[in-house]
There are 2 protein chains.
Amino acid sequence: MKPTTSDPGPPRRSGRPLRPIATRTLLDIAARVFAERGYDGASLSHIAEQAGLRKASLYHHFPTKEALYEAVMRQLVGDLLRLIHEADLDTGDFATRLDRLGALVIDTFAERPDAARLLVLEMVAGGRYMTGPGAAEVQGTFMVTAAFLAAGMAAGAFREQDPRHLALTIAGLHLYPFAAAGVAGAFLGRGLLEPETIAERKAAVLAHVRALCLPGS
Amino acid sequence: MKPTTSDPGPPRRSGRPLRPIATRTLLDIAARVFAERGYDGASLSHIAEQAGLRKASLYHHFPTKEALYEAVMRQLVGDLLRLIHEADLDTGDFATRLDRLGALVIDTFAERPDAARLLVLEMVAGGRYMTGPGAAEVQGTFMVTAAFLAAGMAAGAFREQDPRHLALTIAGLHLYPFAAAGVAGAFLGRGLLEPETIAERKAAVLAHVRALCLPGS
DNA sequence: GTCTATATGGCGATAGAC
DNA sequence: GTCTATCGCCATATAGAC
């Protein structure tokens with residue numbers, strides 16, 4: 001039945017690269033798949049397929065699935081922290097800095113839809129990265145945020161309240177709708193990531209954060 | 001060391017029940033495991049082990065893993081919706097009803113830590129249940145919330161704003177800290193589910209929601 | 001740097017004894 | 001209603017050709 005000689009198999013001949021792939025490209029594709037299906041639900045076969053190569057070829061770039069995932073998370077968190085540092089959040093009055101930070105976060109999640117999903121999946125279910133290499137970064141980000149809010153209160157610019165719970169609340173109202181973009185979009189009747197919806201959401205979030213922080217009008 | 005005579009294999013001899021398990025107990029255990037590891041990460045072996053029986057025995061209670069998961073989600077959503085209906089949220093002025101609803105949600109998540117995790121995991125990653133039997137319930141809950149907020153605005157009790165984005169924000173500030181209870185507790189320096197922390201969080205959330213909804217002090 | 005082919009293990013699910 | 005035993009499949013990971 002089968003040609004007994006060689007039968008090179010279904011897809012294509014072996015041999016040379018044809019089209020080598022950049023590790024950075026691989027990371028972006030893997031990030032998308034991990035964000036869509038979670039760590040356990042994302043198979044290397046599927047990631048490889050999305051990247052246009054074979055599962056075994058992934059092992060040339062990363063030694064294990066865990067290592068690939070950790071690289072994805074490391075790059076994501078690194079990008080986000082760099083972004084925050086580049087925006088100068090130390091100038092201007094407290095209300096202005098509040099607006100700038102909020103707009104920056106919304107724009108970032110709008111441009112990288114996987115970011116909120118990956119972060120929330122990590123914090124909720126996994127801790128594959130956060131309980132480990134990323135723990136310090138996450139705790140640090142919360143601490144910095146709480147410190148900023150406390151400073152605003154001490155300066156009399158923000159209403160007096162528990163800065164840690166305020167930080168948790170602000171994180172939640174930012175992260176959740178983008179992490180659950182599908183559900184949110186269905187509720188809004190229009191994709192959350194469409195430009196008009198993004199603009200709506202940004203205006204709403206800035207107003208919400210102001211209402212939470214600034215003294216009564 | 002061990003009685004050498006029979007050595008019936010690792011766990012215990014075959015045969016009769018010894019201790020039959022209630023399906024409701026099984027659902028609670030499965031809910032905990034699904035909440036901790038996600039759908040794909042939760043193996044039937046592990047669920048069975050937690051329940052004190054063998055993997056194959058689960059198939060007497062549920063025909064497939066999907067069916068078990070759907071039963072878990074159905075019970076969870078049912079419990080939550082029943083709870084909301086039992087609390088009479090149609091009496092009192094708008095500010096009071098806002099407080100009652102907030103306190104109810106916090107108390108619920110405090111008592112059932114898996115609830116927020118499962119809901120967020122569903123909305124973020126899966127949609128195994130929500131894109132299907134549960135879609136209507138979730139959308140309906142958002143609609144009802146938005147309608148309540150809009151009614152408060154029309155009555156002049158709440159500040160005029162987009163009720164849909166306000167509903168998303170309130171959902172996020174409620175859900176996220178409980179869904180990410182581990183991260184939140186590490187940041188707060190004390191477990192989020194300890195009674196003192198719960199009381200703190202409840203007071204903060206009620207104040208936050210009031211600040212978002214009520215006109216400037 | 002990508003491929004084919006394969007090793008090994010855990011998964012969901014089934015059969016049938018007790 | 002639970003058990004032991006097993007099936008078939010797909011997962012991660014490895015070996016080695018080109």
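Residues numbered from 1 in each chain as written. Chains lettered and ligands numbered in written order. Predicted model: local features only at pLDDT ≥ 70, side-chain atom pairs only at ≥ 80, totals over all residues. Heavy atoms only, no water.

Undergrad: Can you break down the packing of aromatic side chains residue by residue, with the values?
TA: The final tally for this structure, using the stated rule, is 16 aromatic pairs over all chains. Ring geometry for A:Y39 against A:Y69: centres 5.1 Å apart, planes inclined by 75°, an arrangement best described as edge-to-face. Of this pair, A:Y39 sits in helix 1 (residues 23-41) while A:Y69 sits in helix 4 (residues 65-86), and the two are 30 residues apart along the sequence. By relative accessible area, which is 14% here, A:Y39 ends up buried. By relative accessible area, A:Y69 is classed as buried at 6%. Members of the aromatic cluster, connected to one another through ring pairs, are A:F34, A:Y39 and A:Y69. Above the plane of the ring of B:Y39 lies B:K65, whose end atom (NZ or CZ) is 4.5 Å from the centre. Above the plane of the ring of B:F94 lies B:R97, whose end atom (NZ or CZ) is 4.7 Å from the centre. (Phe/Tyr/Trp six-rings, centres within 6.5 Å; stacked < 30°, edge-to-face > 60°. Helix = DSSP H or I, 4+ residues; strand = E, 2+ residues; numbered from the N terminus. Buried < 20%, exposed > 50% of the residue type's maximum accessible area, 1.4 Å probe, protein only. Lys NZ or Arg CZ within 6 Å of the ring centre and 35° of its normal.)

Undergrad: Help me get a handle on the side chain of B:R201, residues and values and all.
TA: Its place among the elements puts B:R201 in helix 10 (residues 195-213). This buried residue, B:R201, is left without a salt bridge; A:D162 holds the nearest opposite charge, at 8.0 Å. There is a polar contact of 3.1 Å between the side chain of B:R201 and the backbone oxygen of B:L173. Non-local contacts of B:R201, meaning those with residues more than four positions away in its chain, are made with A:H165, A:L168, A:T169, B:I106, B:L173, B:P177 and B:F178. (Lys, Arg positive; Asp, Glu negative; His and termini not counted. Salt bridge = Lys/Arg side-chain N within 4 Å of Asp/Glu carboxyl O. Polar contact = N/O pair within 3.5 Å; in protein donor to acceptor, adjacent residues only side chain to side chain. Contact = heavy atoms within 4.5 Å.)

Undergrad: Please set out the environment of A:A157 residue by residue, giving values where relevant.
TA: Residue and element names in this part refer to chain A. Mapping A157 onto the fold places it in the loop between helix 7 (135-154) and helix 8 (163-179). Using a relative accessible area of 25% as the deciding quantity, one classes A157 as partly exposed. With 24 residues separating them along the chain, A157 and P133 place their C-alpha atoms 36 Å apart.

Undergrad: Quick one: what's the story with the relation of the copies chain B and chain A, residue by residue and with numbers?
TA: Turning chain B through 180° and shifting it by 0.0 Å along the axis lays it on chain A, with an RMSD of 0.1 Å. On the angle and the small slide along the axis, the relation comes out as a two-fold axis. Take the interface residues of chain B: 100% of them recur as interface residues in chain A, which is what a same-surface contact looks like. (Least-squares fit on C-alpha atoms with pLDDT ≥ 70 in both.)

Undergrad: Which residues make up the domain arrangement of chain A, and what values do they have?
TA: Residues and elements named next belong to chain A. Along its sequence, chain A is organised into domain 1 (13-63) and domain 2 (73-213). With centres defined by C-alpha atoms, the gap from domain 1 to domain 2 works out at 30 Å. The interface of domain 1 with domain 2 comprises ten residues on the first partner and seven residues on the second. Interface of domain 1 and domain 2: buried area, both sides summed, is about 730 Å²; carbon and sulfur atoms make up 51% of it. Area buried by domain 1 at its contact with domain 2 is led by R24, A35 and Y39, which between them contribute 55% of it. If you look at where domain 1 meets domain 2, you find one salt bridge. Residue R24 pairs with D79 through a salt bridge whose shortest N-O separation is 3.9 Å. Summed over the shared surface of domain 1 and domain 2, the number is one residue pair in polar contact (both at pLDDT 80 or more). Looking at the side of domain 1 that touches domain 2 residue by residue, the class counts come to five nonpolar, one polar and four charged. (Domains from an automatic or database assignment. Buried area = accessible area lost by both parts, 1.4 Å probe. Nonpolar A, V, L, I, M, F, W, Y, C, P; charged D, E, K, R; others polar.)

Undergrad: Describe the interface of chain B and chain A, with residues and values.
TA: Across the contact, 46 residues belong to chain B and 46 residues belong to chain A. For chain B, the biggest contributors to the area lost against chain A are B:H165, B:Y176 and B:F187; these three give 20% of the whole. Across the pair B:E200 and A:R164 runs a salt bridge whose closest N-O atoms are separated by 3.3 Å. Where chain B touches chain A, the interface holds 18 residue pairs in polar contact (both at pLDDT 80 or more). Elements represented by at least two residues in the side of chain B that touches chain A include exactly helix 1 (23-41), helix 6 (113-124), helix 7 (135-154), helix 8 (163-179), helix 9 (181-188) and helix 10 of chain B.

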